[in-house]
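Commentary on secondary and tertiary structure
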Amino acid sequence: MKSKTSLVFAINGERFELELSSLDPSTTLVDFLRNKTRFKSVKLGCGEGGCGACVVLLSKYDPLLEKVEDFTVSSCLTLLCSIDGCSITTSEGLGNSRVGFHAVHERIAGFHATQCGFCTPGMSVSMFSALLNADKSLPPLSNGFSNLTAAEAEKAVSGNLCRCTGYRPLVDACKSFASDVDIEDLGYNSFCKKGENRDGVLARLPCYDHNISSQVSTFPEFLKKEIKIDMNLDPRKYRWSSPVSVSELQGLLEVENGVAVKLVAGNTSTGYYKEEKERRYERFFDIRKIPELIVVRRDDKGIELGAAVTISKAIEFLREKGDVSMLAKIAAHMEKIASRFVRNTGTIGGNIMMAQRKQFPSDLTTILVAARANVKIMSSGGSGQEQFTLEEFLQQPPLETKSLLLSVEIPSWRPMMKKNGSSSSDTHLLFETYRAAPRPLGNALAFMNAAFSAEVSLSDRNIVVHDCLLAFGAYGTKHAHRARKVEDFLAGKVISDEVLMEAIGLLKDEIVPDKGTSHAGYRSSLAVAFLFEFFGSLTQTNAKATNGWVNGGCKEIGFDQKVESLKRPEAMLSSSQQIVENQEYSPVGKGIVKSGACLQASGEAVYVDDIPSPDNCLYGAIIYSTMPLARIKSIRFKENRVPEGVLGIITYKDIPKGGRNIGTKFFNSDLLFAEEITNCAGQIIAFLVADSQKHADVAANLVVIDYDTENLEPPILTLEEAVEKSSFFTVPPPLRCKSVGDISKGMAEAEHKILGSKISFGSQYFFYMETQTALAVPDEDNCMVVYSSTQAPEYVHQTIAGCLGVPEHNVRVITRRVGGGFGGKVMKSMPVAAACALAASKMQRPVRTYVNRKTDMITTGGRHPMKITYSVGFKSNGKITALDLELLLDAGISEDISPLMPSAIQGAMMKYDWGALSFDVKVCKTNTVSRTAVRAPGDVQGSYIGEAIIEKVASYLSIDVDEIRKVNLHTYESLRLFHSAKAGESPEYTLPLLWDKLAEFSRFNERRKVVEEFNATNMWRKRGISRVPAIYGVAMRSTPGRVSILSDGSVVVEVPGIEIGQGLWTKVKQMAAFSLGLIQCGTTSDELLKKIRVIQSDTLSLVQGSVTGGSTSSEASSEAVRACCDGLVKRLLPVNNSLVEKTGGPVTWDNIISQAYQQSVNLSVSSLYSPDVSTGGYLNYGVAASEVEVNVLTGETTVLRTDIIYDCGKSLNPAVDLGQIEGAFVQGLGFFMLEEYLMNSDGLIVTDSTWTYKIPTVDTIPRQFNVEILNSGHHKNRVLSSKATMPVVKEFCGLDVVEKYLEWKVQQRKNF
Ligand SMILES: Cc1cc2nc3c(=O)[nH]c(=O)nc-3n(C[C@H](O)[C@H](O)[C@H](O)COP(=O)(O)OP(=O)(O)OC[C@H]3O[C@@H](n4cnc5c(N)ncnc54)[C@H](O)[C@@H]3O)c2cc1C
Ligand code: FES
Ligand code: FES
């Protein structure tokens, strides 16, 4: 057989051939795509398989069957060498601006399903793959639909994260292909026109045709021919080889004594064990071509799955053979492992080995232990094959590196023999699996998983357990664990409440998380809940109907039927949007598609890290402190060996003469690098520069910092310590909170008081999909051009100039678009850009960095944690008369934007009339990473504090909380008292109107009754419904703009506002088209819209740009552009008039411009919009109602339905505003229900990855999501932050509910 020397594969139909000798086998596909090809649609969001930004379609061809297999993979975990002979399709390969976009791209755009666009190429590929595979297996439909069902469409993007959209429009875009969907039921989009019939809509939908779709040609013909030629890599010549038999592998391993070798299957384990990516292996053996390892077989004895069978293939196989319900259940559970794009390459064997060798909290091992699975092992010593039960195997010492797991066998179930020896014909096997995790559909490790099998039979109306196997895993022990004492106890028992109670007692001693496991009590309670659900129904033959059992508010009305399942049947997602498009200023007010939406979907939109590296470019990585307060003694490398590719480490000592060590500039400046002392864990100490990003990141991990804390005060790590040491930042007087009314009088008027009650908050990380990034390029004459992903180019600019000690005109900061900001790219982008600029200045070479997710999470801080103590006085009807509130705000180590927080919190809190309000805020300085603006900073917390107080009053008075809210809503008079000038005129106060409208819109009162009934008849699942108001105080800032018209009539617009996904460019374009259209020539505003381009922000071109944030940049930028256009129209009118006079009819825009050029009319106008007192601030209103269901045993919380009415004033673009409202709601939902941004005892962030930090996914959004945008008056676009439910519900659930219930039941029976 001829041996090959290179890898051959295709990307988007192009052939690539790479010499193996020159390849580092640890190179990932994403590295290659992003650094060595022009296909930049593939984004790096996490590098650990947790986000989907890097998803590509991988296609394999089977020359024997002549079949192409297409599936998604995460390119950040896929090794480049493993794609030999494969074809890769990225989003730009599906379609693009040159050859035409794919229907997937166009529908994403038309359904307004892209905002910042960073996740969108990955979403597009996931959707395409779902369509392709649905249409492959079934005959194509001729009506433009796919065979994909709506239910499958909902799952198509279930592993892909999006922080902007709230997922609803993405799901709708995907569902629009499904043949079983009613197209009119889908959300607001640009294809359906009001009142139009279905055929009209279908004609407008971008064409989807199975045949056209397959024309994307996922596998090129040339590659098919090449892989027919039977050639293999010479296994001894290269670091990467793919043996084709177990014996070949064994032979190779034997020769490799003493050499670091790695067996590779899907390589997805490196997403969890990230250090593996950095370990140097001499040899990699790809085991996926060994036939014994990819076998799937079923015979009498059972099922055999080769170790290299992927989880997806295993699911498919088990489903096919799923006539046995146990197999179907195993398959269903396996669908919750990771996400589809991980399961497509992750193997059964890889998972088991992770669990066996490294105690990975595996689902697979738990369910396979319960299925009594066996494993076959080939030991390294050549002692042949051995077989163990999986349970035994897990308990053995870690399998040697060179030993091989061959396969797993799930034996067929054979009924046990009865005690008297006769075979039991009436025995049944019960098998069930359980999983409690932050996300229902997977892509989240479980808090606990479990699988139980029990052989039972019916005897005299009793259920007898003959034998059972109870496996629990992932709850904080080394391996899946069998509750053997419980198993032994239950064997031979008749299932009754008493027996179950005793079993649970034993279980609680047996299933105990190891010390230090998070949420340990909750995890233990899950074990009880799962066991109870499994056996609970079996006690029912003896159970009597019962009434009136009350425990912790749970009331049972009847338990004489089958026990209610803990698993709620999943309803399909649904939504409605009511939006009024405002035609008055068209195209302003129209819900037009976001500018550049298709480019974002195809992945052609250019973000900072997509800009090709200039020649000689270097790469930086941040080195941060892990100590809260310590002297930095030295910075060195492990083993004092300089790692590969490192060129230097930049510290504060490298700041040039005349420059200052500054990394941010706002109220005050803050350090770029810690100097002698580090003041918090996460503080930047140095910037390592290397010849590639990978080398820089690897080397940064090898840096050792020697600290010393001698004679230093202990760090301040808590708010209490800050108070004790009076460690506070000063809030400038104009930003301080102002008391309202007379608090003593208010308290005196009160009939009831709650004194000294407490509320506290944790933090929230931005989780923008694009982490911090910058590229600095030195220019002539000591100038520096910096491309920065920032929301505040002007401040980045000033920071860099200050740091380098150069005049500001030596610096230019350019920002085209940002892959999500949420406030995190205001302050936190500055040190990143400054570090690149400083390194570039020192090395006189371009320097860039793309901060990895972990470093980003550790160094950027997030929302301000806070503690609140309040006293409230109120009347018996719930009317609050006085609120006295003290708030401790954790600002971290530096001031940042923290002085703005108190007034923001107070502003949001003042959505209610508190009678009198006294508000004392201390902005505490602690030795923790600086906290900053995160979407609606202060508003989110203020709103929540207000609601928590209202709820407390309601519970004190035992009055429905909705009544308390209503009675405390502002009158116009009280609104003026609390908000003074911002309150505007009386008709502008629309909150009471929204309050009533929402009740109608959401059928609030009717549903309240239904909720009550539900709670009365359901014991373990409880529902709640509530409606909350929101007030947001808008503060406009001065903003410049420039509009220039080019000779062909095309228009270029410059605004300082950054496109961070909020649709700023689109609104600005609409405003420019409307304003230029006022010339009333023969070209309509809609036609003008196509001529307008908003260009990147450039701080030397447009000065005084300030910050994009606070939800006002679109409006302010639009105002600035309107002024520019007005100026242009004034200049162009005489030209137009004279042309009309000459020609006697309307003149086209192009003609006017051509004439204006000839007449040397100045066609570039700048302006500075500067708000005055009357326009600088106003209030916006919204009301939301959410219905939430909590599983009392497992804490699983589902938002069943959310209705929002938001008064957008006169929306500039309702489609964009709708996206902002939905996205912000879902981000708020993440804050209150899922996300935990936690620190260790040194203040170092420990939830620093997609594994530990869980943002909402498509399966955690409201099942029904309705939004109405009211068009009432002033212009506004803002985020609506709302909270739906209590924080960390899981901590309040589970625990000992089951035991109490059983105790009560047993007692009842005794009394009977
Ligand atoms: C984002 C993400 C989420 C996840 N969520 C879950 C989850 O919720 N539940 C869960 O159970 N799992 C989860 N996983 C784990 C996932 O199932 C495993 O990563 C996957 O199955 C590993 O298979 P692989 O082929 O990629 O292994 P690889 O990464 O190729 O190998 C893993 C290790 O095993 C060794 N190895 C592989 N095959 C063999 C063999 N046959 N014999 C000896 N050694 C071998 C390798 O050398 C390596 O050390 C998740 C993974 C990711 C990336
Ligand atoms: S970058 Fe690969 S999954 Fe996040
Ligand atoms: S559009 Fe999805 S992350 Fe921004």
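Values in this document were obtained by computation on a predicted structure and should not be read as measured data. (Residues numbered from 1 in each chain as written. Chains lettered and ligands numbered in written order. Predicted model: local features only at pLDDT ≥ 70, side-chain atom pairs only at ≥ 80, totals over all residues. Heavy atoms only, no water.)

Let's talk about the overall build of the chain
Rule in force here: Numbering of helices and strands runs from the N terminus, with a helix taken as a DSSP run of H or I at least four residues long and a strand as a DSSP run of E at least two residues long. We compute the radius of gyration from the C-alpha atoms alone; for a globule the expected value is 2.2 Å times N to the 0.38, where N is the number of residues. For each residue, the accessible area found with a 1.4 Å probe, counting protein chains only, is set against the maximum for its type, and the residue is called buried under 20%, exposed over 50%, and partly exposed in between. Residue contacts follow a heavy-atom distance rule, with two residues in contact if any of their heavy atoms lie within 4.5 Å. To be clear on the numbers: accessible area is Shrake-Rupley with a 1.4 Å probe, and residue cover counts the displayed protein chains and nothing else. For the charge count, each Lys or Arg is scored as positive and each Asp or Glu as negative, with His and the chain ends excluded. For this purpose, a charge sits on NZ of Lys, CZ of Arg, CG of Asp or CD of Glu.
Secondary structure summary: the chain contains 40 helices and 48 strands in total. Over its C-alpha trace the chain gives a radius of gyration of 32 Å, about what one expects of a compact globule, namely 34 Å for 1312 residues. Oriented by its inertia axes, the alpha-carbon framework of the chain measures out at about 105 × 85 × 80 Å. Looking at the chain as a whole, 62% of its 1312 residues are labelled buried. Counting contacts in the chain only where the partners sit at least 6 residues apart, residues at least 24 apart contribute 78% of the total. Surface exposure of the chain reaches about 48,900 Å², of which carbon and sulfur atoms provide 51%. Counting 143 positive and 149 negative side-chain charges, the chain places the centres of these two groups 1 Å from one another.

A word on the nonpolar core
Cut-off, in case you're wondering: Among the buried residues, those of types Ala, Val, Leu, Ile, Met, Phe, Trp, Tyr and Cys that are joined through side-chain atoms within 4.5 Å form a nonpolar core.
Counting residues in hydrophobic clusters, the biggest one holds 197 residues, and the most contacted among them are Phe-687, Ile-800, Leu-885, Leu-887, Trp-914, Ile-945 and Ile-949. Per-element tally for this core: the top contributor is helix α26 (residues 829–843), with 11 residues. Among residues more than four places away in sequence, those in contact with Leu-887 are Met-866, Lys-867, Ile-868, Ile-905, Phe-919, Asp-920, Val-921, Lys-922 and Ile-945. The next biggest cluster of nonpolar side chains, apart from the first, holds 45 residues, and it includes Val-486, Phe-489, Val-1297 and Leu-1302.

Here's the deal with the packing of aromatic side chains
Within a pair of aromatic rings, the relevant descriptors are the distance that separates the centres and the angle that separates the planes. Filter applied, for reference: Paired rings are identified among Phe, Tyr and Trp, the last through its six-membered ring, by centres lying within 6.5 Å, and are further divided according to the angle between planes into stacked (under 30 degrees), edge-to-face (over 60) and tilted (the rest). Sitting over a ring, as applied to charges here, requires NZ of Lys or CZ of Arg to be within 6 Å of the ring centre and within 35 degrees of the ring normal.
On inspection of all chains with the given rule, the structure shows 40 aromatic pairs. Residues Tyr-765 and Tyr-768 carry aromatic rings whose centres are separated by 5.9 Å and whose planes lie at 70 degrees to one another, so their mutual orientation is edge-to-face. Between Phe-1225 and Phe-1265, the aromatic rings sit 5.5 Å apart at their centres with planes inclined by 55 degrees, giving tilted as the arrangement. Of this pair, Phe-1225 sits in helix α38 (residues 1214–1233) while Phe-1265 sits in strand β48 (residues 1264–1270), and the two are 40 residues apart along the sequence. As far as the burial class goes, Phe-1225 and Phe-1265 line up, both buried. The ring of Phe-489 has Lys-493 lying over it, and the distance from NZ or CZ to the ring centre is 4.2 Å. In this structure, Arg-853 packs its charged tip against the face of Phe-767, placed 4.3 Å from the ring centre.

Quick notes on the sheet that holds strand β36 (residues 847–850)
Note the cut-off: Think of it this way: DSSP has to see at least two bridges between two strands before they count as a pair. Lines fitted to the C-alpha atoms define the axes, with helices restricted to the stretch that makes contact. Angles between their N-to-C directions range from 0 to 180 degrees.
The strand order β25-β29-β23-β36-β33-β34-β35-β44 describes an open sheet built from eight strands, whose pairing is mixed. At either margin of the open sheet sits one strand with a lone partner, and together these are β25 (646–650) and β44 (1097–1098). Strand direction decides the pairing type here: strand β34 (residues 783–788) and strand β35 (residues 811–815), joined by four bridges, are parallel. When the bridges of β35 are listed, Val-785 appears paired with Arg-812. This element, α26, spans β23 (618–624), β25, β29 (684–690), β33 (773–779), β34 and β36 of the sheet and lies at about 30 degrees to β33.

Considerations on the UniProt feature "binding site: FAD" (unreviewed entry) in the chain
Let me state the cut-off plainly: UniProt positions are given in the numbering used here, feature names are shortened, and annotations may be inferred rather than shown by experiment. Polar contacts here mean pairs of N or O atoms no more than 3.5 Å apart (in protein, one a potential hydrogen donor and the other a potential acceptor; neighbouring residues in sequence count only if both atoms are side-chain atoms).
The UniProt feature table records "binding site: FAD" (unreviewed entry) at Asp-363, Leu-405 and Arg-435. The annotated residues occupy 73 residues of the chain and do not converge on a single region, their most distant C-alpha atoms lying 26.1 Å apart. Tracing the sequence through the fold places Leu-405 in strand β15 (residues 404–411). Not counting chain neighbours up to four residues away, the residues in contact with Leu-405 comprise Leu-293, Ala-307, Gly-349, Ile-352, Met-353, Val-375, Lys-376, Ile-377 and Leu-399. Along the chain, Arg-435 falls in strand β16 (residues 428–436). Polar side-chain contacts of Arg-435 include one of 3.0 Å to the side chain of Asp-363.

Some thoughts on the site of ligand 1
Stated formally: One heavy atom within 4 Å of a molecule or strand makes the whole residue count as near it.
Around ligand 1, the surrounding shell holds 35 residues, and the nearest of these are Leu-263, Thr-268, Ser-269, Thr-347 and Asp-363. Side-chain polar atom of Thr-347 to an oxygen atom of ligand 1: 2.6 Å apart, as the coordinates give it. Within the backbone of Leu-405, a nitrogen or oxygen atom sits 2.9 Å from a nitrogen atom of ligand 1. Within the complex, 96% of the 980 Å² of free accessible area of ligand 1 lies under protein. Where the shell around ligand 1 is concerned, the elements lending two or more residues are β9 (261–264), α15 (348–358) and β15.

A few points about unusual backbone geometry
Put simply, Ser-586 and Pro-587 share a cis peptide bond, and its omega is 5 degrees. Residue position: Pro-587 is located in the loop between β22 (574–579) and α21 (597–602). Look at Asn-12: it is not a glycine, yet its phi comes out positive at around 50 degrees. Positionally, Asn-12 belongs in the loop between β2 (6–11) and β3 (14–19). Located in the positive-phi region is Asn-782, a residue other than glycine, with phi close to 60 degrees. For Asn-782, a relative accessible area of 51% gives the class exposed.

Points about the sheet that holds strand β14 (residues 385–389)
Sheet strands line up and pair through hydrogen bonds in the backbone, either parallel or antiparallel. Strand order across the open sheet formed by five strands is β11-β12-β15-β13-β14, with antiparallel pairing between neighbours. Only two strands of the sheet have a single partner each, and these edge strands are β11 (296–299) and β14. Neighbour to neighbour, the strand axes of the sheet diverge by 20 degrees on average, direction disregarded. Looking at chain direction, strand β13 (residues 374–378) and β15 are connected through five bridges and run antiparallel. Looking at the pairing, Ile-377 lines up with Leu-405 of β15. Running at roughly 165 degrees to strand β12 (residues 302–306), helix α12 (residues 311–320) makes contact with β11 and β12 of the sheet.

Regarding the pattern of salt bridges
Note the threshold: Any Lys or Arg side-chain nitrogen located within 4 Å of an Asp or Glu carboxyl oxygen qualifies as a salt bridge.
Counted under the stated rule, the structure contains 63 salt bridges. Of the charged contacts, one joins Asp-24 and Arg-239 as a salt bridge, the two residues approaching to 3.9 Å between their closest N and O atoms. Here Arg-239 lies in the loop between β7 (232–233) and β8 (240–241) and Asp-24 lies in the loop between β3 and α1 (29–36), a separation of 215 residues in the sequence. Taking the relative accessible area as the measure of exposure, Arg-239 reaches 21% and is therefore partly exposed. Here the salt bridges share partners, and the residues they tie into one network are Arg-34, Lys-43, Asp-609, Asp-610 and Arg-848.

Describing the packing of helix α19 (residues 497–510) against helix α20 (residues 520–536)
Rule in force here: Working definition: roughly parallel below 35 degrees, roughly antiparallel above 145 degrees, roughly perpendicular at 65 to 115 degrees, and oblique for all remaining angles. Crossing handedness is read from the near helix: turned anticlockwise from the far helix by less than a right angle, it gives a left-handed crossing, and turned clockwise, a right-handed one.
In the contact formed by α19 and α20, the axes pass within 10 Å of each other and the chain directions differ by 150 degrees. Looking at the two axes, α19 sits roughly antiparallel to α20. Between α19 and α20 lies a crossing whose hand is right-handed. Across from Leu-500, Ala-503, Ile-504, Leu-507 and Lys-508 in α19, the residues of α20 making contact are Ala-527, Val-528, Leu-531, Phe-532, Phe-535 and Gly-536.

Observations concerning helix α13 (residues 325–334)
Helical periodicity: at 3.6 residues per turn, an α-helix aligns residues three or four positions apart in one direction. Note the threshold: The arc in question is the one traced by the directions running from the helix axis out to the C-beta atoms.
If you check which residues of α13 are buried, you get Met-326, Leu-327, Ile-330, Ala-331, His-333 and Met-334. Here the buried residues of α13 occupy an arc of 165 degrees about the axis, which is enough to place them on one side.

Comments concerning the packing of helix α28 (residues 901–909) against helix α29 (residues 939–957)
Each pair of packed helices can be described by the angle between their axes along with the distance between the axes. Our working definition: Under the grouping applied here, Gly and all other residues not named as nonpolar or charged are polar, the nonpolar ones being Ala, Val, Leu, Ile, Met, Phe, Trp, Tyr, Cys and Pro and the charged ones Asp, Glu, Lys and Arg.
Following both chains from N to C, one finds α28 and α29 inclined at 45 degrees, their axes separated by 7 Å at the closest point. Taken together, the axis directions place α28 and α29 in an arrangement best described as oblique. Seen along the crossing, α28 lies across α29 with a hand that is right-handed. Contacts between α28 and α29 involve Met-901, Ala-904, Ile-905, Ala-908 and Met-909 from the former and Asp-939, Gln-941, Gly-942, Ser-943, Ile-945, Gly-946 and Ile-949 from the latter. Partitioning the contact of α28 with α29 into residue classes produces seven nonpolar, four polar and one charged.

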